[in-house]
Amino acid sequence: MPSTRNSGEVTVDIEVASETPVGPGRPLLEIEDLHVEFRTRDGVVKAVNGVSYNVRRGETFAVLGESGSGKSVSAQAVMGILDTPPAHVTRGRILFAGEDLLAMPEDHRRRLRGERLSMVFQDALTALNPTFTVGWQIAEMLRIRRGLSRADGRRRAVELLDRVRIPGAVERVTDYPHEFSGGMRQRAMIAMALALDPDLLIADEPTTALDVTVQAQILELLAELQEENGMALVLITHDLGVVAEVADRIAVMYAGRVVETAAAHEIYQAPAHPYTEGLLASVPRVARRRDRLDAIGGAPPNLARIPAGCPFHPRCGYERPLCRHDEPPLYPVGDGRGSACHFFEEVLDGRA
């Protein structure tokens, strides 16, 4: 739905996702106080620092933030695909349908991957094996997990490629990844991820490096498949336009932490954290004629040397002495909303 917000001297109009609430019940995915660090020769890199959020059945949950904010690392921890070493989960719980993924035996967790948890990776060309046809790679999963014959696996691969609207699926099933365009490779990755009808799909930057027309097609496809299957979707992105179109709820991450979480329409109408406010202000607007875009000053912190207090304070227009030594918790801001800012009320009022 359209949202209007006054940001300084300009009025911003953004299309945001529907406010329709998601059904009640225990969340499908619950991440609680997750910490992930990378132990390297140069020191310990704290990539994820106490991340907590939940995803309900059937909803689209967006995880938003700059590169290096911990979005993908937290998703890889959910999937159990972090390289250990150097990555180590040092604290926290990841509950999927009430089961702690971090506490279960690896063979049990491996069975969940693909069956109930699946992931679409950012770069389909490197995620797909270049030495096998796309159809073979889809069918292999079905042969191993479902016991299908070679012929039945191929038939099902054609059905899946057709389902994600790849033209001429019968012929394309024998093509190799390099013979597909970027958008078609991403569709093939989605077909592979959906082969076993998972309950939760994590899409890590699924529209990166695609032109805007193909981006819109991929987002529309994900929305249709989600509605058809009733699955939950976690969308990892740095693109505010993508989030506005599809998300029910949003978690904004910075320096490995969730700094704001809320329904999508709430964040676009009135952000409650300075970082979120800065992200929204940096989006180019057709109606705003300026020589330069607004930008957040400075750079994200080095995760091996995160500053004391609020990690955003060196870049923040609301910064006070308190921010330099007291790390803010995720303060409650209304029903189901939170902001990790000591002065979130001022941010909501736009009083920088």
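According to UniProt, the comment filed for the protein chain under the heading Sequence similarities (unreviewed entry) is "Belongs to the ABC transporter superfamily." Under the Subcellular location (unreviewed entry) heading, UniProt states for the protein chain: "Cell membrane".

Looking now at the sheet that holds strand β6 (residues 87-96). The strand order β4-β3-β6-β7 describes an open sheet built from four strands, whose pairing is antiparallel. Of all strands in the sheet, those with a lone pairing partner are β4 (43-55) and β7 (99-100), marking the two edges. Inspection of the sheet shows strand β3 (residues 29-40) paired to β6 by eight bridges, in the antiparallel sense. Bridged to Phe38 within β6 is Ala87. The strands touched by helix α1 (residues 71-79) are β3, β4 and β6; relative to β3, the strand with the most contacts, the crossing angle is about 110°.

This part covers helix α2 (residues 106-115). All buried positions along α2 are accounted for by Arg109, Leu112, Arg113 and Gly114. Structurally, α2 contributes buried residues whose contacts are with α1, β8 (117-120) and α4 (134-146).

Turning to unusual backbone geometry, a few remarks are in order. Cis peptide bonds are those with omega within 30 degrees of zero, and the linkage from Thr84 to Pro85 qualifies with -10°. Mapped onto the elements, Pro85 comes out in the loop between α1 and β6. Despite not being glycine, Ala97 shows a phi value in the positive range, around 50°. Tracing the chain through its elements places Ala97 in the loop between β6 and β7. For Ala97, a relative accessible area of 34% gives the class partly exposed. The residue Ala255 is not glycine, and still its phi comes out positive at about 50°. Exposure remark for Ala255: the relative accessible area of 5% places this residue in the buried category.

Okay, the packing of aromatic side chains next. Counted by the stated rule, this structure contains six aromatic pairs. Taking 4.7 Å as the distance between ring centres and 55° as the angle between the ring planes, the aromatic pair formed by Tyr254 and Tyr275 counts as tilted. With a gap of 21 residues between them, Tyr254 in strand β11 (residues 249-254) and Tyr275 in helix α11 (residues 274-281) connect regions that are remote in the sequence. Residue classification places Tyr254 among the buried positions, given a relative accessible area of 1%. Taken together, a centroid distance of 5.9 Å and an interplanar angle of 35° make the contact between Tyr331 and Phe344 tilted. Placement of the pair is Tyr331 in strand β13 (residues 331-332) and Phe344 in helix α13 (residues 344-349), with a sequence separation of 13 residues. On the accessibility criterion, Tyr331 (26% relative accessible area) is partly exposed. One aromatic cluster is present, built from ring pairs that chain together Tyr254, Tyr275 and Phe312. Note that Arg172 overlies the ring of Phe180, its terminal NZ or CZ placed 4.2 Å from the centroid. The positively charged end of Arg320 is found above the aromatic ring belonging to Phe343, 4.5 Å away from the centroid.

It is worth spelling out the UniProt feature "domain: ABC transporter" (unreviewed entry) in the protein chain at this point. Look at the UniProt record and you will see "domain: ABC transporter" (unreviewed entry) annotated at residues 29-280. For residues 29-280, helix accounts for 41% and strand for 28%, while the C-alpha atoms at its two ends are 28 Å apart.

Our next topic: the pattern of salt bridges. Enumeration over the complete set of coordinates arrives at 20 salt bridges. Across the pair Arg113 and Glu106 runs a salt bridge whose closest N-O atoms are separated by 3.1 Å. Note on Arg113: relative accessible area 17%, which makes it buried. For Glu346, the salt bridge is made with Arg320, and the minimal N-O distance between the two is 2.6 Å. Here the residue Glu346 occupies a position in helix α13, and Arg320 occupies one in the loop between α11 and α12 (321-325), the gap between them amounting to 26 residues. With a relative accessible area of 30%, Arg320 lands in the partly exposed category. Beyond isolated ion pairs, a larger network of salt bridges with shared partners links Glu115, Arg145 and Arg146.

A few words now on the pairing of strand β9 (residues 200-204). Counting buried residues in β9 gives five out of five residues, a clear majority hidden from the surface. Alternating residues of β9 divide into Leu200, Ile202 and Asp204 and Leu201 and Ala203, and every residue in both groups is buried. Where β8 lies against β9, four bridges are found, and the strand directions are parallel. Of the residues in β9, the one forming a bridge with Leu117 is Leu200. When β9 meets strand β10 (residues 232-237), the two strands line up parallel, connected through five bridges. Bridge pairing in β10 links Ile202 to Val234. Note that the unit made of β9, helix α8 (residues 212-229) and β10 has a crossover that is right-handed.

Residue Glu346 is classed as buried on the basis of its relative accessible area of 14%. Separated by 101 residues in sequence, Glu346 and Glu245 have C-alpha atoms that sit 28 Å apart. Reaching out from Glu346, the side chain makes a polar contact with the side chain of Arg320 at a distance of 2.6 Å.

Conventions and cut-offs
- Residues numbered from 1 in each chain as written.
- Predicted model: local features only at pLDDT ≥ 70, side-chain atom pairs only at ≥ 80, totals over all residues.
- Heavy atoms only, no water.
- UniProt positions renumbered as here; feature names shortened; annotations may be inferred.
- Pairing = 2+ DSSP bridges.
- Helix = DSSP H or I, 4+ residues; strand = E, 2+ residues; numbered from the N terminus.
- Contact = heavy atoms within 4.5 Å.
- Axes fitted to C-alpha atoms, helices over the stretch in contact; angles between N-to-C directions.
- Buried < 20%, exposed > 50% of the residue type's maximum accessible area, 1.4 Å probe, protein only.
- Phe/Tyr/Trp six-rings, centres within 6.5 Å; stacked < 30°, edge-to-face > 60°.
- Lys NZ or Arg CZ within 6 Å of the ring centre and 35° of its normal.
- Salt bridge = Lys/Arg side-chain N within 4 Å of Asp/Glu carboxyl O.
- Right-handed = clockwise from strand over helix to strand, strands pointing away.
- Polar contact = N/O pair within 3.5 Å; in protein donor to acceptor, adjacent residues only side chain to side chain.

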